[in-house]
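# Descriptive structure summary
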Amino acid sequence: MDLRIFTEPQQGASYDTLLGVAKAAEDLGFDAFFRSDHYLRMGSGDGLPGPTDAWITLAGLARETKRIRLGTLMTAGTFRLPGVLAVQVAQVDQMSGGRVELGLGAGWFEEEHKAYGIPFPAERMARLEEQLAIVTGLWATEPGAVFDYAGRHYQVENSPALPKPAQAKVPVLIGGHGARRTPRLAARYADEFNMPFASVADSRRQFARVREAAAEAGRAAQELVYSNALVVCVGKNDAEVARRAAAIGRDVDELKANGLAGSPAEVVEKIGTYGAIGSSRIYLQVLDLDDLDHLELISAQVLARLG
């Protein structure tokens with residue numbers, strides 16, 4: 001089971017804070033550092049010092065880390081034109097020496113679009129499908145050839161399809177709860193399918209849909225990695241769990257029901273229930289980015305037991 005650190009910087013985090021978390025994650029043996037792609041805080045609070053851009057952040061981290069993989073859960077398709085996104089991700093992949101992964105979603109948080117003057121179009125899933133075709137098509141085009149795409153929402157003409165990523169294939173992540181279109185897109189374009197903030201039962205159901213869609217597309221279901229994203233709150237004792245839950249404004253019982261919370265043994269056991277349905281990677285949503293002792297505890301008493 002791979003454990004990855006997943007952050008929500010729109011809730012309030014500077015680049016230096018994210019750098020500290022990424023370096024700690026790397027030093028402590030976690031597989032990757034991922035971040036959300038949002039420009040507006042959700043819920044109460046001021047979100048200070050304000051949002052940071054996902055791909056600018058990852059570009060900086062690419063030069064300041066050595067081993068850990070870097071990516072997004074999920075880049076909002078509404079924020080970037082597909083050709084520009086392909087250039088950005090390829091460049092950050094080069095800067096990292098081939099450690100980037102692209103999670104790409106349709107975009108959903110209308111308020112942040114209004115707050116920063118970003119269009120919030122209808123038919124976002126249709127746009128996402130075209131974006132996936134263009135981004136992966138540009139990367140797959142042989143050097144010296146050109147790429148063309150004639151879609152309803154996007155058109156690409158005579159593109160040199162440059163630059164290329166450092167990796168021969170940048171892993172693409174698709175995720176979500178949609179029953180039909182999401183599995184179909186994952187089967188066609190994804191290297192990994194991620195189920196965010198879902199129970200074991202719901203994850204099992206959605207993984208089955210993705211496996212079925214892969215078979216219908218003529219693809220082996222085991223070619224995809226299946227993963228989950230879950231909020232994490234671990235403590236050496238009940239008091240420490242309660243303190244960490246209070247720091248992120250959550251109830252312990254709710255966290256135990258819907259996330260990974262409790263003692264290291266409890267969390268290891270619950271992770272095992274996700275592993276039993278085929279999940280081989282967990283994105284640990286860390287909400288208190290100043291609590292690096294939390295990462296140390298997870299590394300020493302959860303990651304070590306799973307390793």
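To keep things clear, this report deals only with the structure shown in the data block. Predicted, not measured: the structure shown is a model, and the values here were computed from it. Per-chain numbering applies: the sequence of each chain, read as written, is numbered from 1 onward. Reporting in this predicted model follows two pLDDT cut-offs: at least 70 for local features of residues, and 80 or more for side-chain atom pairs to be given and counted; totals over whole chains, interfaces and linings ignore these cut-offs and use all residues. With hydrogens and water stripped out, all remaining heavy atoms of the structure feed into the side-chain values.

## As for the packing of helix α6 (residues 181–189) against helix α7 (residues 200–216)
Every angle, taken between N-to-C directions, lies between 0 and 180 degrees, and every axis is a line fitted to C-alpha atoms, over only the stretch in contact when it is a helix. We count a stretch as a helix when DSSP gives it H or I for four or more residues in a row; a strand needs E for two or more, and each element gets its number in order from the N terminus. Taken N-terminus to C-terminus, the directions of α6 and α7 make an angle of 50°; their axes are 8 Å apart at the nearest point. Considering their axes alone, α6 and α7 lie oblique with respect to each other. Remark: the crossing between α6 and α7 carries right-handed chirality. Here Thr-182, Pro-183, Arg-184, Ala-186 and Ala-187 of α6 lie close against α7, whose contacting residues are Gln-206, Arg-209, Val-210, Ala-213 and Ala-214. Under the grouping applied here, Gly and all other residues not named as nonpolar or charged are polar, the nonpolar ones being Ala, Val, Leu, Ile, Met, Phe, Trp, Tyr, Cys and Pro and the charged ones Asp, Glu, Lys and Arg. Classifying every residue of the contact of α6 with α7 by side-chain character gives 6 nonpolar, 2 polar and 2 charged. For this classification, under 35 degrees means roughly parallel, over 145 means roughly antiparallel, 65 to 115 means roughly perpendicular, and everything else is oblique. Two helices cross in a left-handed way if the nearer one is turned anticlockwise from the farther one by less than a right angle. They cross in a right-handed way if the turn is clockwise. Any two residues whose heavy atoms approach within 4.5 Å at even a single point are treated as in contact.

## Side note on the side chain of Thr-141
Within the element layout of this structure, Thr-141 appears in the loop between α5 (124–140) and β6 (147–150). A distance of 2.7 Å separates the side chain of Thr-141 from the backbone oxygen of Gly-137, its partner in a polar contact. With near-sequence residues (within four places) excluded, Thr-141 lies in contact with Val-146, Phe-147, Ala-161 and Lys-164. Here a polar contact means two N or O atoms within 3.5 Å. Within protein one must be a hydrogen donor candidate and the other an acceptor candidate, and residues neighboring in sequence count only if both atoms are side-chain atoms.

## Considering the layout of surface pockets
Site definitions follow a grid-based scheme: protein atoms alone, a 1 Å grid, a 1.4 Å probe that fits but cannot get out for cavities, and for pockets an open set with protein on both sides within 12 Å along at least five of seven lines, plus lining residues having an atom within 4 Å of a point. Grid points are joined across faces, edges and corners, and a volume is the space filled by probe spheres set on the points. Looking at the second largest pocket, its volume works out to about 150 Å³. If you trace the second largest pocket, you find it lined by Ala-179, Arg-180, Pro-183, Arg-184, Ala-187, Arg-188, Arg-209, Glu-212, Ala-213, Glu-216 and Ala-217.

## Some remarks on the packing of aromatic side chains
Note on aromatic contacts: the rings of Phe and Tyr and the six-membered ring of Trp form a pair at centre separations within 6.5 Å, being stacked when their planes are under 30 degrees apart, edge-to-face when over 60 apart, and tilted otherwise. A complete count under the given rule lists 6 aromatic pairs for this structure. On the basis of an interplanar angle of 70° and a centroid distance of 5.0 Å, the ring pair of Phe-34 and Tyr-283 is categorised as edge-to-face. Pair noted here: Phe-34 is in strand β2 (residues 32–35) and Tyr-283 is in strand β12 (residues 281–286), with a separation of 249 residues, a long-range link. Buried, partly exposed and exposed residues are distinguished by accessible area as a fraction of the type maximum, computed with a 1.4 Å probe on protein chains only: under 20%, between the cut-offs, and over 50%, respectively. Overall, Phe-34 belongs to the buried group, its relative accessible area being 0%. The buried category is assigned to Tyr-283, whose relative accessible area is 0%. Members of the aromatic cluster, connected to one another through ring pairs, are Tyr-39, Phe-79 and Tyr-116.

## Considering empty space enclosed by the protein
Using the criterion set out here, one finds 2 cavities of 30 Å³ or more in the structure. Taken as a whole, the largest cavity holds about 60 Å³ of empty space. Val-232, Cys-233, Arg-244, Ile-248, Gln-285, Val-286, Leu-287, Asp-288, Asp-291 and His-294 together form the lining of the largest cavity. Breaking the lining of the largest cavity down by element, the ones donating at least two residues are β10 (225–234) and β12. Here the residues of the lining of the largest cavity sort into 5 nonpolar, 2 polar and 3 charged.

## Comments concerning the pattern of salt bridges
By definition, a salt bridge exists where a carboxyl oxygen of Asp or Glu is found within 4 Å of a side-chain nitrogen of Lys or Arg. Applying the stated criterion across every chain, the model contains 20 salt bridges. The partner of Arg-181 in a salt bridge is Glu-129, with the nearest N and O atoms 3.8 Å apart. Of this pair, Arg-181 sits in helix α6 while Glu-129 is found in helix α5, placing the two residues 52 residues apart along the sequence. The exposure class of Arg-181 is partly exposed, given its relative accessible area of 37%. Note on Glu-129: relative accessible area 16%, which makes it buried. Between Arg-219 and Glu-223 there is a salt bridge; the shortest N-O distance is 2.9 Å. Assessed through its relative accessible area of 18%, Arg-219 is described here as buried. In the salt-bridge network here, residues are joined through shared partners; they are Lys-236, Glu-240, Arg-243, Arg-244 and Asp-291.

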